[in-house]
Amino acid sequence: MDSAIQEKVLAVMRCARSREESLAWFRVALGLYYLAGLMTPETIDFKQVDREFNRFIYRSIGKGHSIASVLQFMSGAKVVEVVDSPRFIGAFSEHCPEVPVDTIGFLLSLNLSVAKSISKLDIGGALLDWIELQADIVRKRKQEAEAKAEASQQGDPAGAGTL
């Protein structure tokens, strides 16, 4: 974890309006970076990665927090308030462009799957509902784009957006 990523996560945190919101935004921004970092064909030394993240967490928000607690927070209902916030999405997309906001649903789904695998508990609830809603929105946008492209290829000026 390099200092540039640390500064970006702290920048997102500073965009929040209260101490509680700031802590939640920090957890989610950092957790998204962590999860996005797992998407690599390279072998990951989890002990080293977790140690680096935990050191940053301790220096930033104090004791009692770890990457495990961040990921646990991100598998609960409270994360929905954060990722559903236009202010968070704006701050995150501005300060953390390396993790595209359209991957948030996938990354949270990945985290939720791991949490289910470890705990053997049912993962239904507000977060799963939010993830499914995001997947539906993405599918709908893709279908609309494909229909628009098809209409413009067929020479349909109304389908191409010109009337």
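Here, the structure is the one placed above.
Residues numbered from 1 in each chain as written. Predicted model: local features only at pLDDT ≥ 70, side-chain atom pairs only at ≥ 80, totals over all residues. Heavy atoms only, no water.

Draft legend 1. Representation of the overall build of the protein in the model. Of the regular secondary structure elements, the protein holds eight helices and zero strands. Helices and strands appear in the protein in the N-to-C order α-α-α-α-α-α-α-α. Expressed as a percentage of the 163 residues in the protein, the buried residues total 31%. Of all intrachain contacts in the protein linking residues separated by at least 6 positions in sequence, the fraction that spans at least 24 positions is 66%. Counting only carbon and sulfur atoms, one obtains 54% of the accessible surface of the protein, whose full area is about 10,100 Å². (Helix = DSSP H or I, 4+ residues; strand = E, 2+ residues; numbered from the N terminus. Buried < 20%, exposed > 50% of the residue type's maximum accessible area, 1.4 Å probe, protein only. Contact = heavy atoms within 4.5 Å. Areas by Shrake-Rupley, 256 points an atom, 1.4 Å probe, with all protein chains shown as cover.)

Draft legend 2. A look at the side chain of R27. Relative to the helices and strands, R27 resides in helix α2 (residues 19-37). Summary of buried charges: R27 has no salt-bridge partner, and the nearest side chain of opposite charge, E20, is 8.5 Å away. A distance of 3.5 Å separates the side chain of R27 from the side chain of H65, its partner in a polar contact. Other than its neighbours up to four places away in sequence, R27 contacts H65, V70, F73 and M74. (Lys, Arg positive; Asp, Glu negative; His and termini not counted. Salt bridge = Lys/Arg side-chain N within 4 Å of Asp/Glu carboxyl O. Polar contact = N/O pair within 3.5 Å; in protein donor to acceptor, adjacent residues only side chain to side chain.)

Draft legend 3. Spotlight on a positive patch on the surface. A cluster of basic residues, K47, R51, R55 and R59, forms a positive patch at the surface. Locating R55 in the fold gives a position in helix α3 (residues 46-61). (Patch = residues over 30% accessible without salt bridge, like charges linked within 9 Å, V, L, I, M, F, W, Y side chains within 5 Å. Charge placed at Lys NZ, Arg CZ, Asp CG, Glu CD.)

Draft legend 4. Local environment of helix α6 (residues 86-95). When we look at burial in α6, the residues that qualify are F88, A91 and F92. Summarising the axial view, the buried residues of α6 lie within an arc of 95°, below the 170-degree limit, and thus occupy one face. Opposite the buried face of α6, by more than 90 degrees, sit the exposed residues P86 and E94. (Arc of directions from axis to C-beta.)

Draft legend 5. Layout of helix α1 (residues 3-14). Here α1 spans 16 Å end to end across twelve residues, near enough to the 16 Å set by a 1.5 Å rise per residue. Lining the buried residues of α1 we find α2, α3 and α6. Here α1 starts with a cap whose side-chain oxygen sits 3.2 Å from the backbone nitrogen of A4, and that cap is D2. (Expected span 1.5 Å × (residues − 1).)

Draft legend 6. Structural view of the packing of α2 against α3. The N-to-C vectors of α2 and α3 enclose an angle of 160°; their axes lie 12 Å apart at closest approach. If you check the angle between α2 and α3, you find them roughly antiparallel. Crossing of α2 against α3: the hand is right-handed. For the pair α2 and α3, contact is made by L23, F26, L30 and Y34 and by F46, V49, D50, F53, F56, I57, S60 and I61, respectively. (Axes fitted to C-alpha atoms, helices over the stretch in contact; angles between N-to-C directions. Parallel < 35°, antiparallel > 145°, perpendicular 65-115°, else oblique. Left-handed = near helix turned anticlockwise from the far one by under 90°.)

Draft legend 7. Highlighting the pattern of salt bridges. Enumeration over the complete set of coordinates arrives at three salt bridges. In this structure, K8 and E98 form a salt bridge, with 2.1 Å as the shortest nitrogen-oxygen distance. Placement of the pair is K8 in helix α1 and E98 in the loop between α6 and α7 (104-119), with a sequence separation of 90 residues. On the basis of relative accessible area, E98 is assigned to the partly exposed category, the value being 45%.

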